[in-house]
Amino acid sequence: MRVLYLELLVLQVPAVSLGPLIPGEHETDRSHPNEVWGEQVAIGIGVTSELDFSPALDKIEDFLLAHCWCSFRLGHGIRPYGRALAPRIGKTPSPCRATRVTWENGREYDPPMLLGRQAEQAAIDRLVQRARSGQGGGLVLRGEPGIGKSALLAHASQRAEEMGVLRSDGVEAESTLAYATLHRLLRPILDQAGCLPEPQARALRVALGLQAGPAPDQFLVAVAALTLLSEIAGERPLLCLVDDAHWADTPSVQALTFVARRLDAEPVALLLALRDGHDRRVEVAGLPELRLTGLDPEAAAALLDLRWGASISPAVRDRLLREVAGNPLALLELPGALSGHDALPDPLPLVGKLEQAFQERARRHDPATRTVLLLAAAEGSGQLATVRHAAGALGLDPGLLESEGLADLVRIDGPTIAFLHPLVRSGVYHGASPAARRAAHQALADALESQEAGDDRRAWHRAKAATGPDDEVALELEGSAWRTLERAGHGAAAAALERAAELSRSLVDKSRRLVAAADATWHGGDTARARALLDGAERFDAGDAAVRLDIRYLRGLIELHAGVPSDGLAILLPAARQAVRLKHRRAPRMLLAAGDAAFHAGEDVAGEIGQLMAGLPADGEPGQAALIRLHQMVSPPGRAADPVQLRRDLAGVEELDDPEALVRAGNLAHQLGHAALARRLRAKAVARARALGAAGTLAWALHYLVLDELVCGRLAWAQASAVEGWRLALETGQPNVACQHQAALAGLAVLRGEAEQAHRLAEGALAEATVRRLVGAAVAARHALAESAFLAGRPEEAIEQLEGLLRLVPLGHRGIGLYAVPDLVEAAVRAGQTERGRQWHARHLAWAEGASSAQARALAARSRALLASGAEADRRFQEALRLHAQTDRPLDHARTALLYGEFLRRDRRRAEARPPLRTALEIFEQLGASAWTQRARRELRATGQTVRKRHPSNLDQLTSQELQIVRAVGEGLTDREVAAQLFISPRTVDYHLRKIFRKLEIRSRAELIRRAPAGSASASREVL
Ligand SMILES: Nc1ncnc2c1ncn2[C@@H]1O[C@H](COP(=O)(O)OP(=O)(O)O)[C@@H](O)[C@H]1O
Ligand SMILES: [Mg+2]
């Protein structure tokens, strides 16, 4: 089947320079004179027959094709004219479009048309259109090779009129080079990185290897990329295309998905195309996906006929249609490989068949040409100069790459060389013998020797050229890994370290490098892989004590954050014991981590940790030393406090800068009863984590802030922080932290009276907490379920939940008792089981009557009141209210007031009941605790008082993200500072601010700042 004629349109190339070039440029039988419209030239290339050219340009434009890929697709060796001619006439490539193709059988094929992809095209069009109007987003195109992902990306870029288009393709050879894909995407706009806030600009430059500096947090790099894209898109909406994302390096993928999740208010669309079931797992969680399946039978048949017409037998045609399941690449390419055969080569899977077809195409060339092709395939990233250099070194003619005959395999475009389809590359590569592949990599490594900044690539080529263990190569690769880590490229560094381990001769080196790989992987957020690497490290155990400790420390940390904290404790504590004995540098950290694990597992080993801490040398970092001394204070039996030292240490920890240390210091201060200091430390931890762009630590630090906000009754703020923390915890691979946030969100939903959502969140958190034995989260989730049941009038169920909760903690855990037993007593009384309530009170709460904390005594007095009657009850209620007034826990205060009011009303003292009920109502309303508000209102009505419905505060309408913005603006930050703190772009801040202004009916920032601290909202109904 031959093309009868093909028309191409080359825009904006002066006619004069083209004329003489045309005859030699193609394999046509005859060329046609050019037709000229002003500056624009149409070149018609009649393949066999006459040119039938429509003179009306706009009409031609209608069925213009995407760029040159159409002519490749037709597979007739027709060169992409626009690009092929451009270098010869000294012009930048101009778009070259085939306008019409007529086949021998008289049918016409309109190349711009993608067959059978209407729905997918429409989805892409919508995305692009939304981005244009400022509501961008990300979309993942997923499908097997040849299914048409790249073709759809081309469609997207056609639709991007008047938008800026940035593009970057993942290439296999660069999948181990940190930020290679991101770098390529941002390259055209990097010169504008100066518009970023300084820390972001620095982080981005360091990550991309453009500047030296301390390793930035990888999330700071991602937020820098987001901000840069957002700024550029301010001038012109942007379309970002990332093809073959399954080969993009892990740090780039993480940054890009982070960006894609934050594009709602940006004129930016980000499309990622990736292979299904590829052996490199790419995490693109949280992005919408479009899964491409084969063309429907009708479209598949049409494509086959258009391309092959009658040149294939009906039997082959039927079999193809049956077996390739509508894969367009197979439909276009396989019949060519079958010439002569009547059947498909069995039984390879489709990808294998396609690769084989391309291999055969390559095999038609002479050995020298095949070797240069292999060099290009092994080089893999398309740098023509490197390939040519390597070819020259092997004594081959580098010019072979440009030979006409290769046009159906590779395309040369300026300084780059690309394969027509990735399967062509993999076909060529895997078609070569292992020895030939190694030789190619060696030649490429040598070629890179002379190139600056080729170090990482060279190390990798050398590693691929190695036949067996090779310490020198391993060392070079390890060096590359450390450089990568300095650029926050954890995922990529891990790959280098893993390969370095494989190449290492000694067991110690092997296991040491595997631990380092595991550490990098873990920091890159891939827990499962990190665990597998640690298993490997253990398998190569060479008895090195330091390496073994490193393995246990990392295992413990992983369990603590993403696994089962009690297992983490079982690993960390003995390891810490040994570390203390060996005076290992990590001993203090291990002890602190063991303390965290014990906390989450609800296990009481503070005594032993305290003792071990006493064995640490006193000359550690000053901040850490203070932390350790404070730790010993809270560890039973509690070291007799030296008041001067204590004061000094408490002041000392305020000077800490490291957010993790600040969180720990906050917890210790809390346990030592210094609530205000604890709050300051936690707030500072959050602020520092934000300033460093340390999203992982921020997620964790936010949890403690949430607890603080909760006890202070600042429900809206608690909600805002919990939502942010929950999202960040998931994004940073810390499911345990996410679970805690989720449990807190469940409790908040209960208070807001959103029973259904509360139930869903609490059940989810409880299930997860049970599997991982997360005591803190399980307690919070059960508490939420109990409160919810109680409020819904099912006190028996509440009792059951609360008793379940108390079974989770070792007997005598006073903090938890204080948190749950007052509710349990209330539920028991309501269920008519006063005796049961009395027992719980005696077991868990009686101690509180003599406690020094007003809060504990207030709650104990309230429970006593509930268990008593008559004057005794009255007296106890009043005592409780007096004590509550000395605390800053309004929610508990209001609940006691409500109970007292109910008691008085039942005692027929209606007038006396009103004041406490009014107090309760007022506080509940102020906090936004709607579930309780309703109750208080009902009670108040029952006393005969008319109750006006309070207008919800305007702040109630704000989402949690808007609230976070209000808070940050309230602190006097600029938009850009707010953006940096919240990991969003300044434009998104601006977008939300406009919404906030509208919702609050205010006009100025000053007004917002005035209103910000009130914060009585019951914000955020967004469903998680
Ligand atoms: N819907 C379609 N109609 C016609 N040709 C198509 C269609 N989808 C893909 N093709 C062609 O099939 C070949 C493989 O498509 P490509 O987009 O490169 O696949 P992928 O990127 O998924 O590997 C290309 O030549 C492309 O032009
Ligand atoms: Mg593709």
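This section reports on the structure supplied with the text. (Residues numbered from 1 in each chain as written. Chains lettered and ligands numbered in written order. Predicted model: local features only at pLDDT ≥ 70, side-chain atom pairs only at ≥ 80, totals over all residues. Heavy atoms only, no water.)

## Structural notes on the overall build of the protein chain
Part 1: Each helix and strand in the protein chain was counted, giving 48 helices and 12 strands.
Part 2: Burial analysis of the protein chain (1024 residues in total) assigns 57% to the buried set.
Part 3: For the protein chain, contacts bridging at least 24 residues in sequence account for 68% of all contacts bridging at least 6.
Part 4: Within the structure as shown, the protein chain displays about 41700 Å² of accessible surface, and the carbon and sulfur contribution to it stands at 51%. (Helix = DSSP H or I, 4+ residues; strand = E, 2+ residues; numbered from the N terminus. Buried < 20%, exposed > 50% of the residue type's maximum accessible area, 1.4 Å probe, protein only. Contact = heavy atoms within 4.5 Å. Areas by Shrake-Rupley, 256 points an atom, 1.4 Å probe, with all protein chains shown as cover.)

## Observations regarding the side chain of His992
Part 1: Inspection of the secondary structure assignment puts His992 in helix H47 (residues 986–1000).
Part 2: Contacts of His992, omitting those with residues within four sequence positions, involve Gln961, Glu962 and Ile965.

## Some points on the sheet that holds strand S10 (residues 289–291)
Part 1: Read across the sheet, five strands follow the order S7-S8-S9-S6-S10 without closing on themselves; strand pairing throughout is parallel. Two strands close off the open sheet at either side, each with one partner strand: strand S7 (164–169) and S10. Neighbour to neighbour, the strand axes of the sheet diverge by 15 degrees on average, direction disregarded.
Part 2: Here S7 runs beside strand S8 (residues 238–243); their pairing, made up of six bridges, is parallel. The residue of S8 that forms the bridge with Leu166 is Cys240. (Pairing = 2+ DSSP bridges. Axes fitted to C-alpha atoms, helices over the stretch in contact; angles between N-to-C directions.)

## Remarks on the pairing of S8
In the case of a regular strand, side chains alternate between the two sheet surfaces.
Part 1: Counting buried positions along S8 yields six of six residues, so the element is predominantly enclosed.
Part 2: Across the two faces of S8 the burial is the same, with Leu238, Cys240 and Val242 and Leu239, Leu241 and Asp243 all buried.
Part 3: Alignment of S8 against strand S9 (residues 268–275), held across five bridges, turns out to be parallel. Across the sheet, the residue bridging to Cys240 is Leu270, located in S9.
Part 4: Where the polypeptide runs from S8 across helix H10 (residues 250–260) and back to S9, its parallel neighbour, the crossover connection is right-handed. (Right-handed = clockwise from strand over helix to strand, strands pointing away.)

## Looking at the site of ligand 1
Part 1: Near ligand 1 you find 19 residues, and of these Gly146, Lys149, Ser150, Ala151 and His421 are the closest.
Part 2: Between ligand 1 and Lys149, the relevant distance is 2.8 Å, taken from an oxygen atom to a main-chain nitrogen or oxygen of the residue.
Part 3: Backbone polar atom of Ala151 to an oxygen atom of ligand 1: 2.7 Å apart, as the coordinates give it.
Part 4: Taking 550 Å² as the accessible area of ligand 1 by itself, protein coverage stands at 92%.
Part 5: Those elements that place two or more of their residues in the shell around ligand 1 are helix H3 (69–74), helix H6 (149–158) and helix H13 (328–337). (Near = heavy atom within 4 Å. Polar contact = N/O pair within 3.5 Å; in protein donor to acceptor, adjacent residues only side chain to side chain.)

## Regarding the packing of helix H24 (residues 545–562) against helix H26 (residues 587–601)
Part 1: Where H24 meets H26, the closest approach of the two axes is 10 Å, and the angle between their N-to-C directions is 30 degrees. On the basis of the axis angle, H24 is roughly parallel to H26. Between H24 and H26 lies a crossing of left-handed hand. Residue-level contacts link Leu549, Tyr553, Leu557 and Leu560 of H24 to Arg589, Met590, Ala593, Asp596, Ala597 and His600 of H26.
Part 2: Of the residues contributing to the contact of H24 with H26, the split by class is seven nonpolar, one polar and two charged. (Parallel < 35°, antiparallel > 145°, perpendicular 65-115°, else oblique. Left-handed = near helix turned anticlockwise from the far one by under 90°. Nonpolar A, V, L, I, M, F, W, Y, C, P; charged D, E, K, R; others polar.)

## Notes on helix H5 (residues 118–132)
Part 1: In a regular helix each residue adds 1.5 Å, so 15 residues correspond to 21 Å; H5 covers 21 Å between its end C-alpha atoms and thus fits that length.
Part 2: Where H5 is buried, its residues contact strand S6 (137–143), H6, S8, S9 and S10.
Part 3: Following H5 by one or two positions, Gly134 adopts a phi angle in the positive range, close to 90 degrees. (Expected span 1.5 Å × (residues − 1).)

## Digging into unusual backbone geometry
Part 1: At Asp244, a residue that is not glycine, the phi angle is positive and equals roughly 50 degrees.
Part 2: Counting through the fold element by element, Asp244 comes out in the loop between S8 and H10.
Part 3: Even without glycine at this site, Arg908 takes up a positive phi of about 60 degrees.
Part 4: Turning to its location among the elements, Arg908 is positioned in the loop between helix H42 (890–906) and helix H43 (910–927).

## Considerations on the nonpolar core
Part 1: Counting 188 residues, the largest nonpolar core has Leu186, Leu204 and Phe924 as its most contacted members.
Part 2: Residue contributions to this core peak at 12 residues, all from helix H9 (residues 218–233).
Part 3: Contacts of Leu204, omitting those with residues within four sequence positions, involve Leu186, Leu190, Leu196, Val221, Ala224, Ala225 and Leu228.
Part 4: Core analysis: the second largest hydrophobic core is formed by 50 residues, Leu332, Ala357, Val424 and Ala447 among them. (Core = buried A, V, L, I, M, F, W, Y, C linked by side-chain atoms within 4.5 Å.)

## Points about the packing of helix H21 (residues 490–503) against helix H22 (residues 507–523)
Between two packed helices, both the angle of their axes relative to each other and the distance between the axes serve to describe the pair.
Part 1: At their nearest, the axes of H21 and H22 sit 8 Å apart, and the two run at 165 degrees to each other. Between H21 and H22, the crossing angle belongs to the class labelled roughly antiparallel. Handedness of the crossing formed by H21 with H22: left-handed. Contacts from His490, Ala494, Leu497, Glu498, Ala500, Ala501 and Glu502 in H21 reach Lys510, Arg513, Leu514, Ala516, Ala517, Ala520, Thr521 and His523 in H22.
Part 2: The class makeup of the residues in the contact of H21 with H22 is eight nonpolar, three polar and four charged.

## Points about the packing of aromatic side chains
To describe a pair of aromatic rings, you give the distance between the ring centres and the angle between the ring planes.
Part 1: Scanning all chains against the criterion turns up eight aromatic pairs.
Part 2: Measuring from ring centre to ring centre gives 5.9 Å for Phe924 and Trp932, while their planes differ by 25 degrees; the resulting arrangement is stacked.
Part 3: Taking the relative accessible area as the measure of exposure, Phe924 reaches 0% and is therefore buried.
Part 4: Taken together, the ring pairs connect Phe219, Phe258 and Phe983 into an aromatic cluster.
Part 5: The positively charged end of Arg437 is found above the aromatic ring belonging to Tyr429, 5.2 Å away from the centroid.
Part 6: The ring of Trp840 has Arg843 sitting right over it, with the charged end atom 4.4 Å from the ring centre. (Phe/Tyr/Trp six-rings, centres within 6.5 Å; stacked < 30°, edge-to-face > 60°. Lys NZ or Arg CZ within 6 Å of the ring centre and 35° of its normal.)

## Things to note about the pattern of salt bridges
Part 1: Inspection of the entire model under this criterion finds 73 salt bridges.
Part 2: The shortest N-O distance in the salt bridge between Arg555 and Glu538 comes to 3.0 Å. Taken together, the residues Arg555 in helix H24 and Glu538 in helix H23 (residues 527–539) connect sequence positions 17 residues apart.
Part 3: Overlapping salt bridges, with partners in common, bring together Glu449, Asp455, Arg458, Arg462 and Glu476 in one network. (Salt bridge = Lys/Arg side-chain N within 4 Å of Asp/Glu carboxyl O.)

## Overview of the environment of Arg914
Part 1: Within the element layout of this structure, Arg914 appears in helix H43.
Part 2: When its relative accessible area of 26% is taken as the criterion, Arg914 is described as partly exposed.
Part 3: It is 9.7 Å that separates the C-alpha atoms of Arg914 and Ala942, two residues lying 28 residues apart in sequence.
Part 4: Leaving out residues up to four positions away in the same chain, Arg914 has contacts with Leu940, Thr943, Gly944 and Gln945.
Part 5: One polar contact links the side chain of Arg914 to the main-chain carbonyl oxygen of Thr943, over a distance of 2.5 Å.

## Focus on the side chain of Arg462
Part 1: Summarising the element assignment, Arg462 is placed in helix H19 (residues 455–465).
Part 2: At 2.9 Å, the side chain of Arg462 forms a polar contact with the side chain of Glu449.
Part 3: Sequence-distant contacts of Arg462, that is, excluding residues within four places in its chain, are made with Gln442, Ala445, Asp446, Glu449, Val473 and Glu476.

Function cannot be inferred from these measures alone, as they are strictly geometric.
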